[in-house]
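Structural overview
One letter stands for each residue in the lines below.
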Amino acid sequence: MEAILALEDGTWYCGVAAGAEGEASGEVVFNTSMTGYQEVLTDPSYAGQIVTMTCPQIGNYGVSPNDVESRAPHVAGFIVREESPVASNWRAEGTLGDYLVAHTIVAIADIDTRALTRLLRSSGVMRGVIATGKGLEPEALVNRAKSIPRMEGSDLVRGVTSKKAFDWPQQDPGEFGVIPRQRATRRLKIAAYDFGIKWNIMRRLSAYGCDVRVYPAATPAEEILATRPDGVFLSNGPGDPAPLTYAVENARALVGANVPVFGICLGHQILGLAMGGRTFKLKFGHRGANHPVKKLETGAIEITSQNHGFAVDPASLPEDVEVTHLNLYDGTVEGLRHKTRPVFSVQYHPEASPGPHDADYLFSDFIKLMEEIRG
């Protein structure tokens with residue numbers, strides 16, 4: 001079946017349908033990961049976005065229920081150069097195409113994803129529409145793309161956060177990912193804000209010896225603090241942090257309460273705002289499993305997994321907040337730490353699903369911080 005991808009700048013590509021029939025709209029972005037497409041599809045941070053995979057063939061190892069990062073896919077649409085018709089993997093329980101159809105994800109294949117990625121890199125991410133079927137009119141689709149609400153100023157978190165608090169089940173340390181370098185000396189109690197949290201984050205916290213209770217994004221800080229957690233985790237999530245005033249106010253209260261706080265991705269940006277900084281939108285964002293980050297304290301280089309379109313402005317940070325990590329591609333802030341409060345954050349995904357495990361030590365740092373403060 002024919003499919004068309006139309007962008008707001010008037011560019012359009014003709015390909016074939018690779019998923020469900022229909023129409024999808026959102027901000028078109030690209031991800032440079034060579035594997036992990038199922039984790040990408042189910043990452044809530046991609047809500048409102050049509051994801052282009054730069055790797056030329058996607059789907060060759062199929063899909064598995066063990067590789068999902070949330071209850072269902074959250075991408076608005078999916079773009080690939082070639083969708084593998086077969087799944088060659090003993091873990092696979094189906095093909096990528098069947099998975100996309102089952103979850104009503106509209107996708108397009110057989111387009112020049114290299115040209116599309118070059119366009120997004122030079123012009124910046126832009127709004128787009130994927131449509132399938134006969135008699136499609138590219139100009140009409142371009143006009144529809146122009147009418148899509150922009151991501152800036154939109155609160156996408158309320159659409160992905162959990163409806164009520166829940167406890168994450170305790171898991172064996174070696175069941176997922178690498179075995180932790182060091183486990184907590186006692187079971188530590190973590191309150192995790194769900195801005196679009198990935199399951200592997202909770203798996204890692206559990207593996208390190210933590211009992212994790214997950215709370216909806218708008219839960220008042222007072223309610224969290226009343227449970228006397230050993231630490232609070234601020235999760236990843238989609239979109240612009242600036243309109244999330246409720247989250248910023250709660251994070252500010254947590255910083256003032258002197259409770260250990262660890263934030264990643266959107267949680268890092270929320271902490272940046274709560275500590276007095278500002279955020280801005282990147283031209284095309286950082287999305288992939290191969291981004292080099294420098295830890296300023298040691299000079300060590302970490303290869304990291306990333307997925308974000310906004311960043312913290314270092315010039316806006318007050319004197320009591322220091323930058324701890326920098327992105328070696330463009331020099332943007334990748335880590336922050338408060339100088340007098342037990343608060344730190346990183347822009348990337350240390351749970352690395354998908355991705356390398358270079359930054360898994362940050363969970364150990366969180367454990368050490370909680371044990372120092374809480375005993």
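The sections below set out a description of the structure shown in this document.

Quick notes on the layout of surface pockets
Rolled over the atoms, a probe as big as a water molecule pinpoints where empty space is left. Taken as a whole, the largest pocket holds about 370 Å³ of empty space. Along the walls of the largest pocket sit 20 residues, with Glu297, Arg337, Phe344, Leu362 and Asp365 positioned nearest its centre. Here the lining of the largest pocket is built from residues that sort into nine nonpolar, three polar and eight charged.

Let's talk about the pairing of strand 15 (residues 278–295)
Of the strand pairs in this sheet, strand 15 and strand 16 (residues 301–313) are connected by eleven bridges, and their pairing is antiparallel. Looking at strand 16, one finds that Lys294 is bridged to Ile301. The hairpin turn running from strand 15 into strand 16, its antiparallel successor, is five residues long, and Gly299 in that turn takes a positive phi close to 80°. Where strand 15 meets strand 17 (residues 321–327), three bridges bridge the pair, whose relative direction is antiparallel. When the sheet's bridge partners are listed, Lys294 is paired in strand 17 with Leu326.

Regarding the pairing of strand 11 (residues 188–194)
By the criterion of burial, strand 11 is predominantly enclosed, with six of the seven residues buried. Relative to strand 12 (residues 210–216), strand 11 is paired through seven bridges, and the arrangement is parallel. By the bridge assignment, Asp194 is partnered in strand 12 with Pro216. Pairing of strand 11 with strand 13 (residues 231–234), which is carried by four bridges, proceeds in the parallel orientation. By the bridge assignment for strand 13, Ala191 is matched with Val232.

Observations concerning unusual backbone geometry
In the segment running from Ser353 into Pro354, the intervening peptide bond is cis, with an omega of 5°. Following the sequence through the fold, Pro354 ends up in the loop between strand 19 (343–346) and helix 9 (361–374). Its identity as a non-glycine residue notwithstanding, Thr104 has a phi of 50°, on the positive side. Structurally, Thr104 can be placed in the loop between helix 2 (96–102) and strand 8 (107–109).

Some remarks on the sheet that holds strand 14 (residues 261–264)
Here we have ten strands laid out as an open sheet, ordered 10-12-11-13-14-19-18-17-15-16, and mixed in their pairing. The open sheet terminates on both sides in strands that have one partner only, identified here as strand 10 (166–167) and strand 16. Sitting on the sheet, helix 5 (residues 199–207) touches strand 10, strand 11, strand 12, strand 13 and strand 14, and the angle it makes with strand 12 is about 150°.

Looking at the packing of helix 7 (residues 245–256) against helix 8 (residues 266–274)
Between helix 7 and helix 8, the least distance of the axes is 8 Å, while the angle of their chain directions is 70°. What the angle tells us is that helix 7 and helix 8 run roughly perpendicular. Of the residues in helix 8, those touching helix 7 at Ala247, Val248, Ala251, Arg252 and Val255 are Ile270, Leu271, Leu273 and Ala274. Here the residues of the contact of helix 7 with helix 8 are counted per class, giving eight nonpolar, no polar and one charged.

Some thoughts on the pattern of salt bridges
Here the structure, examined in full by the defined rule, presents 15 salt bridges. Taking the shortest distance from any N to any O, the salt bridge between Lys281 and Glu27 comes out at 3.0 Å. Taken together, the residues span a long stretch of sequence, with Lys281 in strand 15 and Glu27 in strand 3 (residues 23–31) at a distance of 254 residues. Note on Lys281: relative accessible area 24%, which makes it partly exposed. The exposure class of Glu27 is buried, given its relative accessible area of 8%. Connected through salt bridges with shared partners, the residues Glu8, Arg127 and Arg150 form a single ionic network.

Some details on a nonpolar patch on the surface
On the surface, Ile301, Ile303 and Leu328 cluster together into a nonpolar patch covering about 240 Å² of accessible area. Mapped onto the secondary structure, Ile301 falls in strand 16.

Reading the values: rules and limits
- Think of each chain on its own: its residues are numbered from 1, step by step along the sequence as written.
- Per-residue local features of the predicted model are confined to residues with pLDDT of at least 70, and side-chain atom pairs are confined, for both listing and counting, to 80 or more; whole-chain, interface and lining totals are unaffected and use all residues.
- Hydrogen atoms and water are omitted, and side-chain values are computed over all heavy atoms in the structure.
- The distinction between a cavity and a pocket rests on a 1 Å grid over the protein atoms alone: a 1.4 Å probe fits inside a cavity but cannot get out, while a pocket stays open yet meets protein on both sides within 12 Å along at least five of seven lines, and a residue with an atom within 4 Å of a point counts as lining.
- Grid points are joined across faces, edges and corners, and a volume is the space filled by probe spheres set on the points.
- Classification used: nonpolar for Ala, Val, Leu, Ile, Met, Phe, Trp, Tyr, Cys and Pro, charged for Asp, Glu, Lys and Arg, polar for all others including Gly.
- Two strands pair if DSSP finds at least two bridges between them.
- Numbering of helices and strands runs from the N terminus; a helix is a DSSP stretch of H or I covering at least four residues, while a strand is a stretch of E covering at least two.
- Burial classes: relative accessible area under 20% of the type maximum marks a residue as buried, over 50% as exposed, and values in between as partly exposed (1.4 Å probe, protein chains only).
- We call two residues contacting when some pair of their heavy atoms lies within 4.5 Å.
- What counts as an axis is a line fitted to C-alpha atoms, over the stretch in contact for a helix, and the angles between N-to-C directions run from 0 to 180 degrees.
- By definition in this entry, angles of less than 35 degrees are roughly parallel, angles greater than 145 are roughly antiparallel, angles of 65 to 115 are roughly perpendicular, and the rest are oblique.
- Salt-bridge detection follows one rule: a side-chain nitrogen of Lys or Arg within 4 Å of a carboxyl oxygen of Asp or Glu.
- Excluding any residue in a salt bridge, patches collect residues exceeding 30% relative accessible area, merging like charges within 9 Å and nonpolar Val, Leu, Ile, Met, Phe, Trp and Tyr side chains within 5 Å.
- All accessible-area figures derive from a Shrake-Rupley calculation using a 1.4 Å probe, and residue coverage is judged against the displayed protein chains alone.

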